Amino acid sequence: MAEEKPTAYKFSFGPWNIHSGADPFGPPVREEFAFAEKLKFYKKLGFDGVQFHDDDVVLDDTPHEEMVKGARQVKKMLDDEGLVAEFIAPRLWEDPRTIDGGPTSNDPECREYAFNRARRAIDLAHILETDKIVWWPAREGTYIREAKDPIISVGHIVDFINSMLEYDKEIRILGEMKPNEPMDLSYIPTTGHFIGVAYKTADPARVGVLIESAHCILAGLDPSDEMAYALWHKKLWGVHLNDQHGLKFDEDKAFGSVNLRQAFNQVWVLEKAGYGRNGEFIGLDVKAMRTQKKERSTRHLANSRRMFLALLEVVRKVDEAEIERLRALRDYEALEVYILEHLMGIAP
Ligand code: XUL
Ligand code: MN
C-alpha cells in the first residue's frame, strides 16, 4: 500500500491576536496596528487563514447594502494577500442588548437580536466564502444561579443553533465552549455538553466544535482528551491552540509555553487522527504579553507555530512499535521516560 503523504498543516489566527495590550486593569500599552497592516503579517509569519469576528469584517448595524459592499472589500483584501477566511464568529458579548446573554437572555427582544446577528454573520460568511460559524457562548450563563432558568436556557441554545441551520442549508456551526469568564459559570461549559446538544439539533451533521486548549484547562480537563473525544464523533472542525497556567482568567498564552507535554499530546492526537486532511486549520488564539513592544508584538504567533511544528517533529519521531511494546508490558514508567527523553531531545 502506498504510504500516505504527511499532512501539510495550514495555520490561522484572528486579527484580535495582534493587539494593543489593554487588560481589565490597564489601558493599551502599544498602538493598534490597522487591519490592513495586520493582514500583511499573515504570510510573513507562515499563516494562510484569517479567523474573523463579524465586526472585524464590517461593524454591526451597518445597513445591508453597505455591509455587502464592505465585506466584498475585505474579501478582495484577503485575495490580494493570498489569504482565506477560516470562520466568522458573531460577537454576542459587547452590544448592550447582550448584557445578560444573547440566546439565553431573559428578554425576548435581546434573544431576537442575537438570532438576527448570527444570521447576519452567515451572510458575511457567504461573502468571505467560508461555511464555518464559530459560536463562543460568552455571556450564556449567570453571575448568580438564580438569575436564569437553567433548563429553559438549554432549550434556547438549541433554538439558536436551529435558527442558523435553518437560515442556511450549507452552513456549519462550531461551538467553542468555555466553562467561565466573563460569567461566573457558563451553560454548556464543555465540548461534551455541546456535542450532546448537537445531536438534538435539526441537522446534527452540521454541528461540531472548535476546541481551545485553555478553555479545557479552565474546566480541569485535558485538551488532548477533549480533542480525541470530538475526533471520535468526527466533530473536531477547528482548534484554538494556546496554553494556560492553571485555574485563573483565560490567559491565551503561546502554545506549549506552560506545559510542553500537554502540548505534545495535543499535536499527537491531531496528527494521529489525520486532523487537517479535510482542510481544517491549526488555529491559534494567543495573546502577546503586555510587556511586548509594538514592533515585536507578533512573536507569540510565530513562536506558537514554531512549537507546533517542533512538537510535530517529535511526534513523527516516536516509534509506535516501541510504544505498543511498552503498553503491552504495562511498563508505563519506561513509556513516560521514553516520551520525556524525546521531548528533551535526549532520546538515545
Ligand atoms: C474567548 C475566545 C474567543 C473565541 C472567538 O475566550 O476564545 O475569542 O475564540 O469568539
Ligand atoms: Mn478562542
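Located above this text is the structure these notes cover.
Here's what I pulled together on the structure shown here. None of these values were measured; they are calculated from a predicted model. (Residues numbered from 1 in each chain as written. Chains lettered and ligands numbered in written order. Predicted model: local features only at pLDDT ≥ 70, side-chain atom pairs only at ≥ 80, totals over all residues. Heavy atoms only, no water.)

Notes on the overall build of the protein chain
Line of reasoning, step 1. Secondary structure summary: the protein chain contains 12 helices and 10 strands in total.
Line of reasoning, step 2. For the protein chain, whose C-alpha radius of gyration is 21 Å, the value lies close to the compact-globule estimate of 20 Å for 348 residues.
Line of reasoning, step 3. In terms of its C-alpha atoms, the protein chain occupies a principal-axis envelope of roughly 65 × 50 × 45 Å.
Line of reasoning, step 4. Long-range contacts, defined here as pairs at least 24 residues apart, represent 77% of the contacts in the protein chain between residues at least 6 apart.
Line of reasoning, step 5. For the protein chain, the exposed surface amounts to about 16900 Å²; the carbon and sulfur share of it is 55%. (Helix = DSSP H or I, 4+ residues; strand = E, 2+ residues; numbered from the N terminus. Rg over C-alpha atoms; globule rule 2.2 N^0.38 Å. Contact = heavy atoms within 4.5 Å. Areas by Shrake-Rupley, 256 points an atom, 1.4 Å probe, with all protein chains shown as cover.)

Things to note about the environment of Met289
Line of reasoning, step 1. Here Met289 is to be found in the loop between β10 (282-283) and α10 (299-317).
Line of reasoning, step 2. Given the relative accessible area of 61%, Met289 is considered exposed.
Line of reasoning, step 3. Considering only alpha carbons, one finds Met289 and Ala254, 35 residues apart in sequence, at a separation of 9.3 Å. (Buried < 20%, exposed > 50% of the residue type's maximum accessible area, 1.4 Å probe, protein only.)

Quick notes on the side chain of Ser153
Line of reasoning, step 1. You can see Ser153 is positioned in helix α5 (residues 150-167).
Line of reasoning, step 2. For Ser153, a relative accessible area of 2% corresponds to the buried category.

Digging into unusual backbone geometry
Trans peptide bonds make up most of the peptide bonds, and negative phi angles are found at most residues other than glycine.
Line of reasoning, step 1. Of the consecutive residues Glu181 and Pro182, the connecting peptide bond is found in the cis state with omega at 5 degrees.
Line of reasoning, step 2. Mapped onto the elements, Pro182 comes out in the loop between β6 (172-175) and β7 (185-186).
Line of reasoning, step 3. In this structure, Lys234 takes a positive phi of about 55 degrees despite not being glycine.
Line of reasoning, step 4. Tracing the backbone through its elements, the reader meets Lys234 in the loop between α8 (223-232) and β9 (236-240).
Line of reasoning, step 5. A relative accessible area of 69% means that Lys234 is categorised as exposed.

Remarks on helix α1 (residues 35-45)
Line of reasoning, step 1. When α1 is considered as a whole, its buried residues turn out to be Lys38, Leu39, Phe41, Tyr42 and Leu45. Projected onto a plane normal to the axis of α1, the buried residues spread over an arc of 155 degrees and lie on a single side.
Line of reasoning, step 2. Two residues or fewer past α1, Gly46 is found with a positive phi of approximately 95 degrees. (Arc of directions from axis to C-beta.)

Observations regarding the pairing of β6
Line of reasoning, step 1. As defined by bridge partners, strand β4 (residues 132-135) adjoins β6 across four bridges and the pair is classed as parallel. Of the residues in β6, the one forming a bridge with Ile133 is Ile173.
Line of reasoning, step 2. As judged from the three bridges shared by β6 and strand β8 (residues 207-212), these two strands associate in the parallel manner. Residue Gly175 lies in a different strand from β8, and its bridge partner there is Val209. (Pairing = 2+ DSSP bridges.)

Brief notes about helix α12 (residues 332-344)
Line of reasoning, step 1. The end-to-end C-alpha distance of α12, which contains 13 residues, comes to 18 Å, matching closely the 18 Å that a straight helix rising 1.5 Å per residue would cover.
Line of reasoning, step 2. Every buried residue of α12 is listed here: Leu335, Tyr338, Ile339, His342 and Leu343. An end-on view of α12 places all buried positions within 130 degrees of arc, on one side of the element. Facing away from the buried surface of α12 by more than 90 degrees, the exposed residues are Glu333 and Met344.
Line of reasoning, step 3. Contacts made by the buried residues of α12 are with α9 (260-273), α10 and α11 (320-329). (Expected span 1.5 Å × (residues − 1).)

Quick notes on the environment of Glu176
Line of reasoning, step 1. Secondary-structure assignment places Glu176 in the loop between β6 and β7.
Line of reasoning, step 2. Using a relative accessible area of 6% as the deciding quantity, one classes Glu176 as buried.
Line of reasoning, step 3. On a C-alpha basis, the gap between Glu176 and Glu146 in space is 25 Å, while along the polypeptide they are 30 residues apart.
Line of reasoning, step 4. With residues up to four places along the chain from it excluded, the contact list for Glu176 reads Val134, Trp135, Trp136, Pro137, Leu210, Glu212, His215, His240 and Asp285.

Side note on the pattern of salt bridges
Line of reasoning, step 1. Inspection of every chain in the model, using the stated rule, returns 28 salt bridges.
Line of reasoning, step 2. Through salt bridges with shared partners, a single ionic network connects Asp54, Asp55, Asp56, Asp60, Arg91, Arg117 and Arg120. (Salt bridge = Lys/Arg side-chain N within 4 Å of Asp/Glu carboxyl O.)

Here's the deal with the coordination of the manganese ion (ligand 2)
A metal bound by six donors in octahedral fashion has ideal angles of 90 or 180 degrees, whereas one bound by four tetrahedral donors has an ideal angle of 109.5 degrees.
Line of reasoning, step 1. Glu176 (OE), Glu212 (OE), His240 (ND1) and Asp285 (OD) make up the full set of protein donors to the manganese ion (ligand 2), lying at 2.0 to 2.3 Å.
Line of reasoning, step 2. Note that the manganese ion (ligand 2) binds six donor atoms; their angles at the metal cover 77 to 169 degrees, and the shape is octahedral.
Line of reasoning, step 3. Each donor residue of the manganese ion (ligand 2) lies on the same chain, and together they follow the pattern E-x35-E-x27-H-x44-D. Highlighted residues: Glu176 in the loop between β6 and β7 and Asp285 in the loop between β10 and α10, separated in sequence by 109 residues. The pair formed by Glu176 and Asp285 is uniform in burial state, with each residue classed as buried. (Donors = N, O, S within 2.8 Å, 3.2 Å for Na, K, Ca; no water. Tetrahedral: all angles 85-135°; square planar, octahedral: opposite > 155°, others 65-115°.)

Side note on the nonpolar core
Line of reasoning, step 1. With 82 residues, the main nonpolar core has Phe52, Ile133, Ile161, Leu236, Phe264, Ile282 and Phe308 as its most contacted residues.
Line of reasoning, step 2. Sequence-distant contacts of Phe308, that is, excluding residues within four places in its chain, are made with Tyr9, Phe11, Leu241, Phe255, Val267, Leu270 and Ile282.
Line of reasoning, step 3. If you look at the next biggest cluster of nonpolar residues, it comprises six residues, including Phe87, Val134, Leu210 and Trp237. (Core = buried A, V, L, I, M, F, W, Y, C linked by side-chain atoms within 4.5 Å.)

Regarding the site of ligand 1
Line of reasoning, step 1. In the region of ligand 1, the neighbouring residues are Trp16, His53, Trp93, Trp136, Glu176, Lys178, Glu212, His215, His240, Asp250 and Asp285.
Line of reasoning, step 2. Contact distances for ligand 1 include 2.7 Å between an oxygen atom and a side-chain N or O atom of Glu176.
Line of reasoning, step 3. Asp250 is positioned with one of its side-chain polar atoms (N or O) 3.0 Å from an oxygen atom of ligand 1.
Line of reasoning, step 4. Across the shell around ligand 1, the residue classes tally to three nonpolar, three polar and five charged. (Near = heavy atom within 4 Å. Polar contact = N/O pair within 3.5 Å; in protein donor to acceptor, adjacent residues only side chain to side chain. Nonpolar A, V, L, I, M, F, W, Y, C, P; charged D, E, K, R; others polar.)

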